[in-house]
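Coordinate inspection notes
Each chain, written out:
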Amino acid sequence: MTAERIDGKAFAAALRARVAERVPVFEAATGRVPGLAVVLVGEDAASQVYVRSKGKATREAGMVSFEHRLPDDTSQAELIALVEALGADDKVDGILVQLPLPPQIDEKAVIAAIDPAKDVDGFTLENAGRLAVGEAGLVPCTPLGCLMLLKDRLGDLAGLEAVVIGRSNIVGKPMAQLLLRESCTVTIAHSRTRDLPGVVRRADIVVAAVGRPEMVKGGWLKPGATVIDVGINRVEGRLVGDVDSASASAVAAAITPVPGGVGPMTIAILLRNTLVTAHARAGLEAPEGL
Ligand code: NDP
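Everything quoted here is computed from the prediction, not taken from an experiment. (Residues numbered from 1 in each chain as written. Predicted model: local features only at pLDDT ≥ 70, side-chain atom pairs only at ≥ 80, totals over all residues. Heavy atoms only, no water.)

1. Concerning the sheet that holds strand β2 (residues 35-41)
Taking strand neighbours across the sheet as the criterion, the 3 strands line up as β3-β2-β4 in an open arrangement whose pairing is parallel. Every interior strand has two partners, whereas the edge strands, β3 (64-70) and β4 (94-97), have only one. Between one strand axis and the next, the sheet turns by 15 degrees as a mean value, whatever way the strands run. Of the strand pairs in this sheet, β2 and β3 are connected by 7 bridges, and their pairing is parallel. Bridging across to β3, Val41 finds its partner in Leu70. Packed onto the sheet, helix α2 (residues 45-60) meets β2, β3 and β4 and runs at close to 160 degrees relative to β3. Contacts between helix α3 (residues 76-88) and the sheet are confined to β2, β3 and β4, with β2 contributing the most and set at about 180 degrees to the helix. (Pairing = 2+ DSSP bridges. Helix = DSSP H or I, 4+ residues; strand = E, 2+ residues; numbered from the N terminus. Axes fitted to C-alpha atoms, helices over the stretch in contact; angles between N-to-C directions. Contact = heavy atoms within 4.5 Å.)

2. Thoughts on the side chain of Gln98
Tracing the chain through its elements places Gln98 in the loop between β4 and α4 (107-112). Judged by its relative accessible area of 7%, Gln98 is buried. Of the polar contacts made by the side chain of Gln98, one reaches the side chain of Lys54; its length is 2.8 Å. (Buried < 20%, exposed > 50% of the residue type's maximum accessible area, 1.4 Å probe, protein only. Polar contact = N/O pair within 3.5 Å; in protein donor to acceptor, adjacent residues only side chain to side chain.)

Spatial relationships are all this shows, so hold off on functional conclusions.
Encoded structure:
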């Protein structure tokens, strides 16, 4: 079997186009376009690339991008003051603080300062809690993007065995919550899991969010599994995922490539979430079909 390639890039482009179509409708109703503020502290090379592409995508969707670049030695109080000012700014519908932050700044304190109504990354306790108890809220971009790809390919996910490898607050945990919401039987694996290959072999759906290059081997997979590779690892100048795509492709039914799979979805969902918060803040009904 050669696994089908799940084309996240094409799916993301279509989603971005649907978001862009709604922007003039929002503008006609409110007299302004949605705005996304992105805050970058320091010079981290990967973060610079992410912030640049987020700004570009925001403008391409017809929204306003507010970019704030702060020096590496910014204090926690200064960053929180900025985040609070963005919370109070009516033109700003979404606030994203690019992680990781320099060591003098406590990420949790900064996330706590984000207005939950503008929390387009879905990282605040308010939105994480809403996801955990099954209430509507803002969901982290990467796992929501993975879920969209899975539903597009598999339709109803109810009853499927899903194994999520990784338990971070930004990928693994919310991914598991989303799959549970879809009535999958969910296992969350992590660095202390015993017999990871044996656990993964049960899965109809595997989501790998580990940060270890090509760790998941084809021999671990149940034949016909659908594999979502969240990993972005730089190895000798090229990008590879957390799944060994060569061996996995021989066993899985479908797999996301790296690059061109989950990565483009993250940005598309960020724009989608910004459109959603803009509507909610303007008292308009959420746009459908997104
Ligand atoms: P974290 O480092 O926060 O979490 C990694 C998780 O993997 C932890 O829960 C850890 O377990 C687990 N883990 C580590 N080693 C093993 C192992 N040997 N076996 C099983 N589990 C293990 O990473 P993130 O969740 O932030 O990111 C994961 C990957 O996804 C990274 O490659 C990152 O670059 C990528 N990423 C991609 C995005 C995209 O847009 N495509 C967006 C965000 C992330 P434990 O908790 O026990 O330590």
